[in-house]
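Results of the structural survey
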Amino acid sequence: MIALADIKRSNRGAVARALTLVENEPDKARPMLRKMFPSCGKAAIIGVTGPAGAGKSSLIGKTAIHMASLGMRPAVLAIDPTSHITGGAIMGDRARMAELDEHKIYVRSIASRGSTGAISASLRNCIRVLEFAGYNPIIVESVGAGQTDVDISTIADITVVTFSPNTGDSIQAIKAGLTEIGDIYVVNKSDLSGAGQLFESVKEFITTSSRREGVVALRTSTKRPASTAKLAEHIHRLIKAIRPAKKARYAQSLECELRDIVLNKFRERATSVMSKDNAAYTKCVKSMHDGKTDPHDAAQKILRLCK
Ligand SMILES: Nc1nc2c(ncn2[C@@H]2O[C@H](COP(=O)(O)OP(=O)(O)O)[C@@H](O)[C@H]2O)c(=O)[nH]1
Ligand SMILES: [Mg+2]
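My aim in this report is to walk through the structure given alongside it, one point at a time.

Working note: regular strand, side chains alternate between the two faces of the sheet. Only one face of strand S7 (residues 216-219) is covered, namely the face carrying Ala 217 and Arg 219; the face carrying Val 216 and Leu 218 is uncovered. Pairing of strand S6 (residues 184-187) with S7, which is carried by 4 bridges, proceeds in the parallel orientation. Looking at the pairing, Ile 184 lines up with Val 216 of S7.

As structure tokens, then:
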């Protein structure tokens, strides 16, 4: 049993156990999540996305420390499957971990395998646990474009899209739709050559293509503290600016979550009905093959079996 009171006072062990339960045994986590639900929905959720290797983990590590010095209590969830492989600046680096620990910043990577629906559900519930534990904002690192397929911008209040000059596909990635989701565009690794040019392209692209208001482009380098401090300050200002709209945003996000759950459950149910072991299903298929039932009538029969 994990005591809610221990999670509430941010006991690290209790928070870690709660997150593990949510990830590995979602059904067993239900009663706990039910109790947490009424006090959730107020924490700001910051999504950080962009190509693998752009420096998201490193950047989050540095920025979170600035955020802590601005009086915030950030927690980080990484659903980046490459975080471990690249030596993941957040998770792997002991010195960095110690620094984050010192600032009481909670960092955790969460599973990126499984269906998109399962990852999103687990992410949303992990956010609840962290919010209940008093963390705010909750920063979520995800790889954009096709790798984990969790559309972070539907969950996040503020989306940071990150590029760097040495992930060659950056401009293509920008054009591939990322311009629609970002509130902040970051060209990281500005200490490397090519960053200036990329920054100009990003700026030009967002002024001509982004339909959102107040979108900014920033240059950062994890080697230059002033640049990451500036990013933290900008996020801080945005968090304050969106506060009045947070309730409505959360209501919208809950409805989105509800639809996801229902549609996923329905898909699971339908998939299990349409199995070769299901006599009613195979009968239906045979009747269709024999030319007795057309596919639409067969589908109606199967939908009745799904109830
Ligand atoms: N030169 C330079 N390297 C950086 C910078 N930020 C991150 N890196 C390096 O880029 C690599 C990938 O960083 P990581 O944070 O794991 O990227 P992620 O895959 O986007 O999370 C690591 O070797 C980092 O040390 C930066 O601002 N400048
Ligand atoms: Mg990473």
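So, next bit.
A word on the packing of helix H3 (residues 26-36) against helix H6 (residues 116-132). Look at H3 against H6: their axes get within 11 Å of each other, and the N-to-C directions meet at 45°. Classified by the angle their axes make, H3 and H6 are oblique. The handedness of the crossing between H3 and H6 is left-handed. In contact with Pro 26, Ala 29, Leu 33 and Met 36 of H3, H6 contributes Ser 122, Asn 125, Arg 128, Val 129 and Phe 132. Its residues assigned to classes, the contact of H3 with H6 comprises 6 nonpolar, 2 polar and 1 charged.

What follows concerns the sheet that holds strand S3 (residues 106-109). Within the open sheet, the 7 strands sit side by side as S3-S2-S4-S1-S5-S6-S7. Their pairing is parallel. The open sheet has two edge strands, S3 and S7, and neither has a second partner. Pairwise comparison of adjacent strand axes, ignoring direction, gives a mean angle of 20° for this sheet. Judged from the 4 bridges that link them, strand S2 (residues 75-78) and S3 form a sheet pairing that is parallel. Note on S3: the bridge partner recorded for Ala 75 is Tyr 106. Relative to strand S4 (residues 138-143), H6 is tilted by about 155°, and along the sheet it contacts strand S1 (45-50), S2, S3 and S4.

A few words now on the nonpolar core. Ile 45, Ile 46, Val 76, Val 129, Leu 130, Ile 138 and Val 140 are the most contacted members of the largest nonpolar core, which totals 59 residues. The element contributing the most residues to this core is H6, with 7 residues. Residues within four places of Val 140 in sequence aside, it is in contact with Ile 45, Gly 47, Val 48, Leu 77, Ile 79, Leu 123, Ile 152 and Ala 156.

To continue, consider unusual backbone geometry. Leave glycine aside and you will find that most residues have negative phi; peptide bonds, for their part, are mostly trans. Residue Asn 136 is joined to Pro 137 through a cis peptide bond whose omega torsion reads 5°. In this fold, Pro 137 is placed in the loop between H6 and S4. With a phi close to 60°, Lys 104 is a non-glycine residue in the positive phi region. Tracing the backbone shows Lys 104 in the loop between helix H5 (94-102) and S3. The partly exposed category is assigned to Lys 104, around which 13 C-beta atoms lie within 10 Å. Although it is not a glycine, Lys 189 adopts a positive phi angle of roughly 60°. If you trace the backbone, Lys 189 turns up in the loop between S6 and helix H8 (195-209). When the 25 C-beta atoms within 10 Å are taken as the criterion, Lys 189 is described as buried.

Quick notes on the rules
- Residues numbered from 1 in each chain as written.
- Chains lettered and ligands numbered in written order.
- Predicted model: local features only at pLDDT ≥ 70, side-chain atom pairs only at ≥ 80, totals over all residues.
- Buried ≥ 20, exposed ≤ 12 C-beta atoms within 10 Å, placed from the backbone.
- Helix = DSSP H or I, 4+ residues; strand = E, 2+ residues; numbered from the N terminus.
- Pairing = 2+ DSSP bridges.
- Axes fitted to C-alpha atoms, helices over the stretch in contact; angles between N-to-C directions.
- Parallel < 35°, antiparallel > 145°, perpendicular 65-115°, else oblique.
- Left-handed = near helix turned anticlockwise from the far one by under 90°.
- Contact = placed C-beta atoms within 7 Å.
- Nonpolar A, V, L, I, M, F, W, Y, C, P; charged D, E, K, R; others polar.
- Core = buried A, V, L, I, M, F, W, Y, C linked by C-beta atoms within 7 Å.

Read these as layout, nothing more, since geometry by itself doesn't imply function.
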